[in-house]
Amino acid sequence: MTGRPKINDQQALFLQRNIYQHLHNTVLQAALTGMDEVTTSRTVVQKIVQQMVDDKVSASIQTNPDRSPR
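Residues numbered from 1 in each chain as written. Predicted model: local features only at pLDDT ≥ 70, side-chain atom pairs only at ≥ 80, totals over all residues. Heavy atoms only, no water.

J.: Account for the overall build of the protein, naming residues and giving values.
T.: In terms of helices and strands, the protein carries one helix and zero strands. Expressed as a percentage of its 70 residues, the buried residues of the protein come to 0%. By element, 59% of the accessible surface of the protein is carried by carbon and sulfur atoms, the whole surface being about 7,000 Å². (Helix = DSSP H or I, 4+ residues; strand = E, 2+ residues; numbered from the N terminus. Buried < 20%, exposed > 50% of the residue type's maximum accessible area, 1.4 Å probe, protein only. Areas by Shrake-Rupley, 256 points an atom, 1.4 Å probe, with all protein chains shown as cover.)

J.: A description of helix H1 (residues 9-63) should follow, citing residues and the corresponding values.
T.: The terminal C-alpha atoms of H1, which comprises 55 residues, lie 81 Å apart, in line with the 81 Å expected from a rise of 1.5 Å per residue. Of the residues flanking the start of H1, the one acting as N-cap is Asn8, its side-chain oxygen 3.1 Å from the backbone nitrogen of Gln10. (Expected span 1.5 Å × (residues − 1). Polar contact = N/O pair within 3.5 Å; in protein donor to acceptor, adjacent residues only side chain to side chain.)

Right under this line is the structure:
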């Protein structure tokens, strides 16, 4: 008889657990990577928006010096 060797129930259970554990770890790692990318993007957007606000405030102060923060 040729083909794949037979595995017993204990070996099958071991393989199943390892496959599911690997799948779980892969999904978890993908989720964490995605969270890091979102955090990085949010930080970049916050810096851009803050620079835009600062530029607007600066321009407003230059055109209306009486409105400068005290």
